[in-house]
Amino acid sequence: MPYMIAALGFGYLLGSIPFGYLLTRWAGLGDVRSIGSGNIGATNVLRTGNKKLAAATLIADALKGTIAVLVAARFGPDTAILAGFGAFIGHLFPVWLKFKGGKGVATYLGVLIGLAPWVALAFVAVWIVTALVFRFSSLAALVAAVVVPALLWYLGWSQISQLFAVMSLITILKHHHNISRLLAGTESRIGAKG
């Protein structure tokens, strides 16, 4: 039990590092929360016009999920799952930003890389195809998040599938404004500034 609590806490603290916020501040671009969607994720960082910074944010947000899983995996698969979930929740609700974080897509992917790397490739493929066809980052994330738990279940990874079913549901709920804008035809397309 102490290992489980420690894994969850470790994952949360790692996940709560707000890389999008920190990187845009360090680059002299101000508070990324003041533009676009107001989130701290890579898609909103891209709205600053700085593609390198957006890529760095994407990588850093994914890595914190992967690192949480890989470190905790040394103590068993259950601790790995808990640490991954903690990292995801930490990104969504970081204590450092009054519990107002990103939508968790990159960290979701990072956790998936740590637990099921081949399925992570499927996530990326689905995201890319959907994004290329429709040009909406939010829609691409939503479609990929629906595919992942189903694919994990199909492959027989029931425990990990259950984790990602919960994470996907949370991801969909965090995208409720995007869903409303998609339905209204007012959602920002990939690459649109501010």
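Residues numbered from 1 in each chain as written. Predicted model: local features only at pLDDT ≥ 70, side-chain atom pairs only at ≥ 80, totals over all residues. Heavy atoms only, no water.

(A) The arrangement of the pattern of salt bridges in detail. Scanning the model with the defined rule gives four salt bridges in all. Of the charged contacts in the structure, one is a salt bridge between K64 and D61, with a shortest N-O distance of 3.3 Å. Of this pair, K64 and D61 both sit in helix 4 (residues 51-72), separated by three residues, roughly a single helical turn. Here E187 ties to R181 by a salt bridge, and the two come within 2.8 Å at their closest N and O atoms. A residue is classified by how much of its surface remains accessible, and E187, at 10% relative accessible area, is buried. Accessibility expressed as a relative area gives 29% for R181, which makes it partly exposed. Several salt bridges converge on common partners, so that one network encompasses R25, D31 and R33. (Salt bridge = Lys/Arg side-chain N within 4 Å of Asp/Glu carboxyl O. Helix = DSSP H or I, 4+ residues; strand = E, 2+ residues; numbered from the N terminus. Buried < 20%, exposed > 50% of the residue type's maximum accessible area, 1.4 Å probe, protein only.)

(B) Looking closely at the side chain of D61. Overall, the relative accessible area of 2% leaves D61 in the buried class. The contact partners of D61, leaving out residues within four places of it in the chain, are I17, F19, I40, G41, H91, A106 and T107. (Contact = heavy atoms within 4.5 Å.)

(C) Representation of helix 4 in the model. Helix length check: helix 4, at 22 residues, gives a terminal C-alpha distance of 32 Å against a target of 32 Å (1.5 Å per residue), a fit within 8%. The residue sitting at the N-terminus of helix 4 and contributing the capping side-chain oxygen is N50; that oxygen lies 3.3 Å from the backbone nitrogen of K52. (Expected span 1.5 Å × (residues − 1). Polar contact = N/O pair within 3.5 Å; in protein donor to acceptor, adjacent residues only side chain to side chain.)

(D) Summary view of the packing of helix 1 (residues 2-15) against helix 5 (residues 77-92). Between helix 1 and helix 5, the shortest axis-to-axis distance is 6 Å and the interhelical angle comes to 35°. Crossing of helix 1 against helix 5: the hand is right-handed. Contact residues: Y3, M4, A7, L8, G11, Y12 and G15 in helix 1; D78, T79, L82, A83, F85, G86, A87, I89, G90 and H91 in helix 5. Here the residues of the contact of helix 1 with helix 5 are counted per class, giving 10 nonpolar, six polar and one charged. (Axes fitted to C-alpha atoms, helices over the stretch in contact; angles between N-to-C directions. Left-handed = near helix turned anticlockwise from the far one by under 90°. Nonpolar A, V, L, I, M, F, W, Y, C, P; charged D, E, K, R; others polar.)

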